[in-house]
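Residues per chain are reported as follows:
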Amino acid sequence: VQLQASGGGLVQAGGSLRLSCTGSGRTFSSFGMGWFRQAPGKEREFVAAISRTGSSTVYSDSVKGRFTISRDNAKNTVYLQMNSLKSEDTALYYCAGQFDVGLVGSRSDARRYAYWGQGTQVTVSS
């Protein structure tokens, strides 16, 4: 499976962006998906994750209530709607995927994901 992330850009604090991650292949609907981010000089951190059906979602405390993860399996795409953006949300955002059975109970653990997109830059100006 190849993952392609898009939708990043420059936005003012308080604004919104929607990231998309599109996967190739027929197995996308079997994948749990996650979004991670990495700011310059910092370690990669978990942002949000969603189960293969979309029935289960997980968020980091730093984005809970502001970001929403969703998916459309018919389009092989997972989304990250980001509202009320803050300067500290500035980072390179990556989508990741793995067969859902391998993610149960550990959706926030980057080591569990085998497939990664190339990253899309989000810059929030204050």
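The paragraphs below set out a description of the structure included in this document. (Residues numbered from 1 in each chain as written. Predicted model: local features only at pLDDT ≥ 70, side-chain atom pairs only at ≥ 80, totals over all residues. Heavy atoms only, no water.)

Proximity of charged atoms lets side chains of opposite charge pair with each other. In total, this model carries 6 salt bridges according to the counting rule given. The network of salt bridges with shared partners includes R37, E45, R66 and D89. (Salt bridge = Lys/Arg side-chain N within 4 Å of Asp/Glu carboxyl O.)

It is worth spelling out the nonpolar core at this point. Generally speaking, soluble globular proteins have nonpolar side chains that are buried together. Among the nonpolar cores identified, the biggest contains 27 residues, and W35, L80, M82 and Y93 are the most heavily contacted of them. If you list the elements that add at least two residues to this core, you get β1 (3-6), β3 (17-23), β4 (31-38), β5 (45-50), β7 (67-72), β8 (77-82), β9 (91-99) and β11 (120-125). Residues contacting Y93, with those up to four places away along its chain left out, are L19, W35, F36, R37, V47, F67, L80, M82, G119, T120 and V122. Membership of the second largest hydrophobic core comes to 7 residues, among which are F46, A49, L103 and A110. (Core = buried A, V, L, I, M, F, W, Y, C linked by side-chain atoms within 4.5 Å. Buried < 20%, exposed > 50% of the residue type's maximum accessible area, 1.4 Å probe, protein only. Helix = DSSP H or I, 4+ residues; strand = E, 2+ residues; numbered from the N terminus. Contact = heavy atoms within 4.5 Å.)

This part is about the state of the cysteines. One pass over the full model with this rule turns up 1 disulfide. Here C21 pairs with C95 through a disulfide, and the sulfurs are 2.1 Å apart. Its S-S torsion of about 60° marks the bond between C21 and C95 as right-handed, since a negative value means left-handed. Taken together, the positions of C21 in strand β3 and C95 in strand β9 put the pair 74 residues apart, joining distant regions of the chain. Like C21, the residue C95 is buried in the burial classification. (Disulfide = S-S within 2.5 Å.)

Take the environment of A48 next. Note on placement: A48 falls in strand β5. The buried category is assigned to A48, whose relative accessible area is 0%. Filtering out sequence-adjacent residues up to four positions away, A48 remains in contact with M33, G34, W35, V58, Y59, I69 and L80.

This next bit is on the sheet that holds β1. Strand order in the open sheet formed by 4 strands is β1-β3-β8-β7, and the pairing between neighbours is antiparallel. Each edge of the open sheet carries a strand with a single partner, namely β1 and β7. Here the strands of the sheet are splayed against their neighbours by 15° on average, with no regard to which way each runs. In this structure, β1 lies alongside β3, joined through 4 bridges in antiparallel fashion. Residue pairing in the sheet places Q4 in a bridge with T22 of β3. (Pairing = 2+ DSSP bridges. Axes fitted to C-alpha atoms, helices over the stretch in contact; angles between N-to-C directions.)

Next up on the list: the packing of aromatic side chains. The tally for this structure, following the rule as stated, stands at 7 aromatic pairs. Ring centres of F31 and Y115 lie 5.3 Å apart, and the angle between their planes is 40°; this geometry places the pair in the tilted category. You can see F31 sitting in strand β4 and its partner Y115 sitting in strand β10 (residues 115-116), a full 84 residues away along the chain. Relative accessible area serves as the criterion here: at 0%, F31 is assigned to the buried category. Ring plane angle 65° and centroid distance 6.3 Å describe the contact between Y113 and W116, whose orientation is recorded as edge-to-face. (Phe/Tyr/Trp six-rings, centres within 6.5 Å; stacked < 30°, edge-to-face > 60°.)

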